[in-house]
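What follows is the residue order along each chain.
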Amino acid sequence: MVRLNLLLLVVLAACALGLVTSQHRARRYFGELEQEQERSRQLGVEYGQLQLEASTWAVHARVERIASRQLHMRVPEAKRLQIARPEEAAK
Amino acid sequence: MNFAASPVLDLTLPVWRSRFLLYVFVAGFALLLGRAVYLQGLNNDFLQAKGESRYSRVMEVPANRGRVLDRNGEALAISTPVKSIWAIPGEAHPGARQLARLAALLEMPQAEIDKRLADTGRDFVFVKRQISPEVAERVASLHIPGLFQNREYRRYYPSGDVMAHVLGFTGADDIGQEGVELAFQERLAGKPGSRRVIKDRLGQTVEDIESIKAAQDGNDLTLALDARIQNLAFSHLKAAVAQNRAKAGGVVVLDVDTGELLALANFPTYNPNNRSKLAGAQLRNRAVTDTFEPGSTLKPFTIALALEAGRVRPESVIQTAPGTLSIGGATIRDAHVERSLTVAQVIQKSSNVGAAKIALGLSPESMWEMFRDVGFGSVPGLGFPGEATGKVRPYRSWRPIEQATMSYGHGIAVSLVQLARAYSVFARDGELVPLSLVRVDAPPVGRRVMAPKTAAAVRAMLEMAVNRDGTAPRAQIMGYRVAGKTGTAHKQENGAYAPDKYVSSFVGFAPASHPRLVIAVMIDEPSAGRYYGGTVAAPLFAQIMAGALRALDVAPDGPMQPIELPPEGQEVKESV
């Protein structure tokens, strides 16, 4: 009888310790999850900011200015234009 | 010593005394037990709450406002988090050096910060709102007691003043206040949520208990707007307003097939990213909220009605000599006197007398119905805040002279958007479609308001108005057939027409063989000498139309020859 009781006591102690460690692990994982979620939010914010930056660089007025002033591009003159129609291309 | 013999111990106490004590103790325990049961079993809410408040916290989960995109997915408005700095005036006592650093970081004068912190009557005062997260971090590292930070959102508009009137803007709390931001507030707004968590001694979250309300990010909104065409329209409009020293101007570009608004530009405008110096004139979305007397651009509707009623045919001849027409004491004049004109030429040369004569053969009721059918006098239904309905007076009150002047667009008020929409009727073979601010995927169902034959006949006349013998040769575009009509009208001031103030307009569509775009342009008070729609508005129309057709890869339907302009000084002037 005494032996059985001792055995149960050992089992109980083991269970209790197991609970403590698993609880600790759960909290640690949760902390990590929390950090990753925060990071994902941060990355979301950064994505938004980068999109904003991309849009700002790609503003049409700026593209047009660089094309005409720095690259000296211009719309071709009317007489230098030739229109290729699909049926002509097929011939 | 023999205790047993002590006489004191011989005393026998009465039994009731020990019993009494026993009862007292039992009662005491019972009382404690009862209290314990009461506190822990029956009435435990209070203590439970007290206990939880030691470790559980409700945290707010922020939600983003949705982005606004153009039809090709280009971002036009994006929210990103910023910080606001606030203080409890009674508790914030920064040292002199801290204050100097703070003022430098926030780019504010020290006196201003001092003034805000001195207002001890209040518990809460914003020091500065909407600063970048990097600056906020450096402010936090100053460790000023009584100074706190809040997370907020700020909306950025990369395209700046180009699309200001379409997009509108949001206020400090990211709530839409103008334009699309206001019209689609419900859809764009995010709903912040909250959740309950367990925090440890160090303030770190260790466990999630429950989600009280899930955060919902706002939905992205894809507009019908095409950023390329919008930019084109805006930059040409800006140049035209400057060149004509005009007070204002507006452009509307519609897709004929879908009724989508591809571009809407106004000038003057503002930069939505920096709204510190805003005037009412800059804020006004003229193309939508302002109405004007359109002038000759309404003639095609009168002619269409007469064709529809079978009163005239395009080749019927109208006597227009001697270029004036008197009705009830008032006189209608033509700027360009011809002996007689065909109905088609009335449009081509924009003859007031011709239009008035045709109108007088029609019933006021049918004219009124035509105006209403093509959308004048009712909300154009784009969904913008404050859309103007315009003014079409009930036909019962029309006098003959009024009916005559209305035939060429006087005594009636319309907005630029209404005008563009009405012209889409000609472009769509007689159907009126609902307009849309957002991209539509399925073509909308239109409402037939005139026979396809009538629309085609008017289209042919409108094409004539744009050739070298019409009032708008400058609206021609190389490679495309263009159809359209000029309008020039005196502005009304204090109930009378101002002799030297005009509104010049042009509405048209291209390619005429299979219309793809309707563009309406309006220049308010051009004051650089020229004021005819054909010389002020038509060139602007041509520039925008040419660029837009190229941007959309529309196949040319006209000859690739340089456009023909009439010799200097021989242009057909329209009647005002």
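What counts and what doesn't
Along each chain, residues carry numbers from 1 onward, in the same order as the chain's sequence is written. Following the order in which they are written, the chains are lettered starting with A and the ligands numbered starting with 1. Restriction of local features to residues with pLDDT of at least 70 applies here, the model being predicted, together with a cutoff of 80 or more for giving and counting side-chain atom pairs; totals for whole chains, interfaces and linings are based on all residues. We count a stretch as a helix when DSSP gives it H or I for four or more residues in a row; a strand needs E for two or more, and each element gets its number in order from the N terminus. Our radius of gyration looks at C-alpha atoms and nothing else; its globule reference is 2.2 Å times the residue count to the power 0.38. Helix span is expected to be 1.5 Å times the residue number reduced by one. The burial label depends on the number of other C-beta atoms within 10 Å of a residue's C-beta. Counts of 20 or more mean buried, 12 or fewer mean exposed, and intermediate counts mean partly exposed, with C-beta atoms placed from the backbone. Following DSSP output, two strands are said to pair if at least two bridges run between them. By definition, residues are in contact whenever their C-beta atoms, placed on the basis of the backbone, come within 7 Å of each other. Residues are grouped as follows: nonpolar covers Ala, Val, Leu, Ile, Met, Phe, Trp, Tyr, Cys and Pro; charged covers Asp, Glu, Lys and Arg; every other residue, Gly included, is treated as polar. As a rule, the C-alpha atoms of each element are fitted with a line to give its axis, helices using only the stretch in contact, and angles between N-to-C directions run from 0 to 180 degrees. In this scheme, roughly parallel covers angles under 35 degrees and roughly antiparallel covers those over 145, while 65 to 115 is roughly perpendicular and the rest are oblique. The crossing is said to be left-handed when, going from far helix to near helix, the turn is anticlockwise and less than a right angle, and right-handed when the turn is clockwise. Buried Ala, Val, Leu, Ile, Met, Phe, Trp, Tyr and Cys residues form a nonpolar core when they are connected through C-beta atoms within 7 Å. In this document the domain limits rely on a domain assignment from an automatic tool or a database.

### As for the overall build of chain B
Then step 1. On a plain count of helices and strands, chain B comes out with 19 helices and 19 strands.
Then step 2. Here the C-alpha radius of gyration of chain B, 38 Å, is well above what a compact globule of 576 residues would show, namely 25 Å.
Then step 3. With the C-alpha coordinates aligned to their principal axes, the bounding extent of chain B is approximately 160 × 55 × 50 Å.

### Here we look at helix α1 (residues 15-42) of chain B
Then step 1. Its 28 residues place the ends of α1(B) 39 Å apart at the C-alpha level, agreeing with the 40 Å of an ideal helix rising 1.5 Å per residue.
Then step 2. The buried count for α1(B) comes to zero of 28 residues, which makes it a mostly uncovered element.

### Re unusual backbone geometry
Residues and elements named next belong to chain B.
Then step 1. The omega torsion across Phe267 and Pro268 is 5 degrees, close enough to zero to call that bond cis.
Then step 2. Turning to its location among the elements, Pro268 is positioned in the loop between β10 (261-267) and α10 (280-283).
Then step 3. Between Ala510 and the following residue, Pro511, the backbone shows a cis peptide bond with an omega angle of -15 degrees.
Then step 4. Along the chain, Pro511 turns up in the loop between β18 (496-510) and β19 (517-524).
Then step 5. Backbone geometry places Gln130, a non-glycine residue, at a positive phi of 55 degrees.
Then step 6. Position of Gln130 among the secondary structure elements: in strand β4 (residues 125-131).
Then step 7. Even without glycine at this site, Ser350 takes up a positive phi of about 55 degrees.
Then step 8. On the secondary structure map, Ser350 appears in the loop between α13 (343-349) and α14 (352-360).

### Some thoughts on the pairing of β19(B)
Residue and element names in this part refer to chain B.
Then step 1. The buried count for β19 comes to eight of eight residues, which makes it a mostly enclosed element.
Then step 2. Of the strand pairs in this sheet, strand β9 (residues 248-255) and β19 are connected by eight bridges, and their pairing is antiparallel. What sits directly across from Gly250, in β19, is Met522.
Then step 3. Where β18 lies against β19, eight bridges are found, and the strand directions are antiparallel. Looking across to β19, one finds that Ser505 is bridged to Met522.
Then step 4. Hairpin connection, β18 to β19: the antiparallel pair is bridged by six residues.

### With respect to the interface of chain B and chain A
Then step 1. Contacts between chain B and chain A engage 23 residues on the former and 17 residues on the latter.
Then step 2. For the side of chain B that touches chain A, the elements supplying multiple residues, two or more each, are β3 (75-87), β7 (205-213) and α9 (227-243) of chain B.
Then step 3. Residue composition of the side of chain B that touches chain A, by class: 12 nonpolar, seven polar and four charged.

### Things to note about helix α19 (residues 533-551) of chain B
Then step 1. When the terminal C-alpha atoms of α19(B) are compared, their 25 Å separation across 19 residues agrees well with the 27 Å that a helix rising 1.5 Å per residue should span.
Then step 2. A positive phi of about 55 degrees marks Asp553(B), the residue just after α19(B).

### As for the packing of α14(B) against helix α16 (residues 400-407) of chain B
Residues and elements named next belong to chain B.
Then step 1. Interaxial distance between α14 and α16 falls to 8 Å at its minimum, and their mutual angle equals 125 degrees. Taken together, the axes of α14 and α16 are oblique relative to one another. For α14 against α16, the interelement crossing comes out right-handed. Residues Ala355, Ala356, Ile358, Ala359 and Leu360 of α14 form the contact with α16, whose own contacting residues are Pro400, Gln403, Ala404 and Ser407.
Then step 2. Classifying every residue of the contact of α14 with α16 gives seven nonpolar, two polar and no charged.

### Structural notes on the nonpolar core
Then step 1. Counting 135 residues, the largest nonpolar core has Val253(B), Tyr423(B), Leu517(B), Ala520(B), Phe541(B) and Met545(B) as its most contacted members.
Then step 2. Top contributing element to this core by residue count: α19(B), with 11 residues.

### Here's the deal with the sheet that holds strand β6 (residues 193-199) of chain B
Think of a sheet as strands paired side by side through backbone hydrogen bonds, with each pair either parallel or antiparallel.
Residues and elements named next belong to chain B.
Then step 1. On the basis of which strands lie adjacent, the open sheet formed by three strands has the order β1-β6-β7 and antiparallel pairing. In this open sheet, the two strands that pair with only one neighbour each are β1 (56-61) and β7. Adjacent strand axes in the sheet meet at a mean angle of 30 degrees, parallel and antiparallel pairs treated alike.
Then step 2. For β6 and β7, the ladder comprises six bridges, and the chain directions are antiparallel. When the sheet's bridge partners are listed, Val197 is paired in β7 with Asp208.

### Section: the domain arrangement of chain B
Residues and elements named next belong to chain B.
Then step 1. One can read the domain layout of chain B as domain 1 (60-222) and domain 2 (227-274 + 288-551).
Then step 2. On the domain 2 side, the residues contacting the 21 residues of domain 1 number 17 residues.
Then step 3. Looking at the side of domain 1 that touches domain 2, the elements that each hand over two or more residues are α6 (164-167), α7 (179-183) and β8 (221-222).
Then step 4. Class assignment of the residues belonging to the side of domain 1 that touches domain 2 gives a composition of 12 nonpolar, five polar and four charged.

### Regarding the pairing of strand β13 (residues 330-333) of chain B
Residues and elements named next belong to chain B.
Then step 1. By the bridge criterion, four bridges tie strand β12 (residues 324-327) to β13 in an arrangement that is antiparallel. Counted as the bridge partner of Ser326 is Thr331 from β13.
Then step 2. Hairpin remark: β12 followed by β13, antiparallel, with two residues in the connecting loop; positive phi at Gly328, about 50 degrees.

### Here's the deal with the environment of Ala215(B)
Residue and element names in this part refer to chain B.
Then step 1. You can see Ala215 is positioned in the loop between β7 and β8.
Then step 2. Given 16 C-beta atoms within 10 Å, Ala215 falls into the partly exposed group.
Then step 3. When residues no more than four places from it in sequence are discounted, the contact partners of Ala215 are Val61, Pro62, Ala63, Lys191, Pro192 and Gly193.

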